[in-house]
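Residue-level listing of the chains:
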Amino acid sequence: MAAKSGLASRLYRGEAGLDVVGRRKLWFTVAGALILVAVLSFALRGFSLGIEFAGGNSFQVPASVGTLEQAELKVGDALGTAGGGAKVVTAQKVGGPGGDSYELRTTQLSAEQANAVKAEIAREFGIDPAQISGNQVSEAWGSQVTERALLGLVIFIALVMVYLILRFEWRMAVAAVSSLFMNLILTAGIYSLVGFEVTPSTIIGFLTILGFALYDVVVVFDKVQENTRGITANNNQTYGDAANLAINQSLMRSLNTSVVALLPVGGLLFIGAGLLGAGTLKDLGLVLFVGMAVAFLTSILLATPLLVLLKNYEPRIQAHNKRVLARRAALAGAEATGKGGARAETSDEPIDPEAAALAGAAPKVGARPAGKRPSGARGGRPAGGGGNRPGGAKRR
């Protein structure tokens, strides 16, 4: 008995009262406000670009020199002395064949400044300059990565559109792709607002969360298609009701999938990058964690409500929704007048002629099809006019 009354069971039967589609105006308003905030952040704050995109230098020193904070502080002093005002952008611990080391990325330095800074870092730590490795990264490499990523995004979206149109229909394809773009915009907005560094690993993570977000949307849309198949043959549910039931039925599955996916990503981010200091995992883990969390919300609160909005413009669905609403109005009116005991003309409320016509045209549940009344011994009066009449002869 407890299992039957659980939340998952009540959601699947549509008894939990979670009305997502009915509140789509609220979700669209919130989504529009979040997009506005993200766009303003893009324009005003921009992004914190990594060395691969902004250009700069990197220096690697042995981890034996001290803690990461001490290494960052001494490299900062070396930059102030010989770097012409350059600053440390990021500092992280990395592993290698020769053991652990600290990688410190700085703003752009000339070749002469890089050599001078390297010598100053060696003097600060009291080690041989040969133990310090330095690299210079041009921003042109980051531009190439961005172009390849945009090309991959365009190809991915095109393939997704073709697949969804063949698998479902074009309205579902539009709703799903809109949800994907919303996911990208919100994730990028969080990166811009918080100031997370954008690296090539971040771009790879962006492309990865698109696949996860698409999977979540397809799961919900598959249930929507199942619930709305042949929906115009009955007058019990509008398209929005059936779609909302699909959200309720697939909500727990989507939630469980998202939680299971976020657990290893969270371990990658908080344990690998946070506790163990594997800085190379931080960029990838961060964008995956943020993007997957946003993907769950957009697939539930945006994709299906947008699909319902598009479907309600279809003439066939419009006519069906009117029939359902008219039938409900007629049933509500019958209950209000004592289950049909009073005539509708006695009501003070005006009757909509179109709704009344639609309600009259809608067959009642369990009613037999209208047809000719049968004739014969069982079907009413005989054709010859037999029966008991006043003054007529009685049958023996």
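The structure presented is a predicted model; accordingly, all values stated were derived computationally and were not measured.

1. Quick look at the overall build of the chain
(1) Moving on: Broken down by element type, the chain carries 12 helices and six strands.
(2) Moving on: Burial analysis of the chain (396 residues in total) assigns 37% to the buried set.
(3) Moving on: The long-range share in the chain, meaning contacts at least 24 apart out of those at least 6 apart in sequence, stands at 78%.
(4) Moving on: In the structure as shown, the chain presents an accessible area of about 22800 Å², 60% of it carried by carbon and sulfur atoms.

2. Some words on the packing of aromatic side chains
(1) Moving on: Throughout the structure, instances matching the rule amount to four aromatic pairs.
(2) Moving on: Ring plane angle 75° and centroid distance 5.2 Å describe the contact between Tyr 191 and Phe 196, whose orientation is recorded as edge-to-face.
(3) Moving on: The exposure class assigned to Tyr 191 is buried, which follows from its relative accessible area of 1%.
(4) Moving on: Among the aromatic residues, those joined into a ring-pair cluster are Tyr 191, Phe 196 and Phe 206.

3. Quick word on the sheet that holds strand β2 (residues 56–62)
(1) Moving on: Reading across the sheet, the four strands line up as β3-β4-β2-β5 and stay open at both edges, with antiparallel pairing between neighbours. For this open sheet the edge positions go to β3 (88–94) and β5 (133–137), each flanked by a neighbour on one side alone. Within the sheet, the average angular offset between the axes of one strand and its neighbour, ignoring direction, is 20°.
(2) Moving on: As judged from the six bridges shared by β2 and strand β4 (residues 101–106), these two strands associate in the antiparallel manner. Bridging across to β4, Pro 62 finds its partner in Ser 101.

4. Side note on helix α11 (residues 315–336)
(1) Moving on: Relative to the 32 Å expected for 22 residues at 1.5 Å per residue, α11 spans 31 Å between its end C-alpha atoms, a close match to the ideal helical length.
(2) Moving on: Among the residues of α11, Ile 317, His 320, Asn 321, Val 324, Ala 326 and Arg 327 are the ones counted as buried.

5. Examining the confidence of the model for the chain
(1) Moving on: Per-residue confidence for the chain averages 78 on the pLDDT scale, and 77% of its residues sit at or above 70.
(2) Moving on: With pLDDT under 50 throughout, residues 342–396 is counted as low confidence; its partners more than four residues away or in other chains account for 17 contacts.

6. Quick look at the packing of helix α2 (residues 24–44) against helix α7 (residues 170–194)
(1) Moving on: Put simply, α2 and α7 touch, their axes get as near as 9 Å, and they point 50° apart. With respect to each other, α2 and α7 are oriented oblique. Considering the relative orientation of α2 and α7, their crossing is left-handed. In this structure, α2 contributes Ala 31, Leu 34, Ile 35, Val 37, Ala 38, Ser 41 and Phe 42 to the contact, and α7 contributes Met 182, Ile 185, Leu 186, Ala 188, Gly 189, Ser 192 and Leu 193.

7. What about the nonpolar core?
One broad rule of soluble globular proteins: the nonpolar side chains tend to lie buried together.
(1) Moving on: In this structure, Leu 164, Met 172, Leu 180, Phe 221, Val 224, Tyr 239 and Leu 307 are the most contacted members of the largest nonpolar core, which totals 59 residues.
(2) Moving on: A per-element tally of this core places helix α10 (residues 282–311) first, with 14 residues.
(3) Moving on: If sequence neighbours within four positions are ignored, Phe 221 has contacts with Phe 168, Met 172, Ala 175, Ala 176, Ala 303, Thr 304 and Leu 307.
(4) Moving on: Grouped together as the second largest cluster of nonpolar side chains are 15 residues, Ala 71, Ala 86, Tyr 102 and Ile 121 included.

8. A look at the pattern of salt bridges
(1) Moving on: Applying the stated rule across the entire model yields 11 salt bridges.
(2) Moving on: Across the salt bridge formed by Arg 105 and Glu 103, the nearest N and O atoms sit 3.8 Å from each other.
(3) Moving on: Of the residues examined, Arg 105 reaches a relative accessible area of 13% and is grouped as buried.
(4) Moving on: Overall, the relative accessible area of 12% leaves Glu 103 in the buried class.
(5) Moving on: Asp 222 is the salt-bridge partner of Arg 167, the closest N and O atoms lying 2.5 Å from each other. Taken as a pair, Arg 167 in helix α6 (residues 139–167) and Asp 222 in helix α8 (residues 200–228) lie far apart in primary sequence, 55 residues in all.
(6) Moving on: For Arg 167, a relative accessible area of 33% gives the class partly exposed.

9. Some words on the pairing of β2
(1) Moving on: Within β2, six of the seven residues are buried, which leaves the element mostly enclosed by the surrounding structure.
(2) Moving on: Bridge analysis of β2 against β5 gives five bridges, and the strand direction is antiparallel. Note on β5: the bridge partner recorded for Ser 58 is Asn 135.

10. Some remarks on the environment of Leu 68
(1) Moving on: The residue Leu 68 is located in helix α4 (residues 68–82) in this model.
(2) Moving on: On the basis of relative accessible area, Leu 68 is assigned to the partly exposed category, the value being 22%.
(3) Moving on: In this structure, the C-alpha to C-alpha distance between Leu 68 and Lys 93, residues 25 residues apart in sequence, is 7.2 Å.
(4) Moving on: Those residues in contact with Leu 68, other than ones at most four positions away along the chain, are Ala 91, Gln 92 and Tyr 102.

11. Section: the environment of Ile 203
(1) Moving on: Looking at the element boundaries, Ile 203 is found in helix α8.
(2) Moving on: Owing to a relative accessible area of 18%, Ile 203 belongs among the buried residues under this scheme.
(3) Moving on: For the pair Ile 203 and Leu 284, spaced 81 residues apart in sequence, the C-alpha separation works out to 8.5 Å.
(4) Moving on: Those residues in contact with Ile 203 that lie beyond four places of it in its chain are Phe 53, Ala 149 and Val 198.

12. Some remarks on the packing of α2 against α10
(1) Moving on: At a closest axis distance of 10 Å, the pairing of α2 and α10 adopts a crossing angle of 120°. Taken together, the axes of α2 and α10 are oblique relative to one another. Here the hand of the crossing between α2 and α10 comes out left-handed. Residues Arg 24, Trp 27, Phe 28 and Ala 31 of α2 touch α10, and the partners they reach there are Leu 301, Leu 302, Pro 305, Leu 306, Val 308 and Leu 309.

Analysis parameters
- Residues numbered from 1 in each chain as written.
- Predicted model: local features only at pLDDT ≥ 70, side-chain atom pairs only at ≥ 80, totals over all residues.
- Heavy atoms only, no water.
- Helix = DSSP H or I, 4+ residues; strand = E, 2+ residues; numbered from the N terminus.
- Buried < 20%, exposed > 50% of the residue type's maximum accessible area, 1.4 Å probe, protein only.
- Contact = heavy atoms within 4.5 Å.
- Areas by Shrake-Rupley, 256 points an atom, 1.4 Å probe, with all protein chains shown as cover.
- Phe/Tyr/Trp six-rings, centres within 6.5 Å; stacked < 30°, edge-to-face > 60°.
- Pairing = 2+ DSSP bridges.
- Axes fitted to C-alpha atoms, helices over the stretch in contact; angles between N-to-C directions.
- Expected span 1.5 Å × (residues − 1).
- pLDDT = per-residue confidence, 0-100.
- Parallel < 35°, antiparallel > 145°, perpendicular 65-115°, else oblique.
- Left-handed = near helix turned anticlockwise from the far one by under 90°.
- Core = buried A, V, L, I, M, F, W, Y, C linked by side-chain atoms within 4.5 Å.
- Salt bridge = Lys/Arg side-chain N within 4 Å of Asp/Glu carboxyl O.

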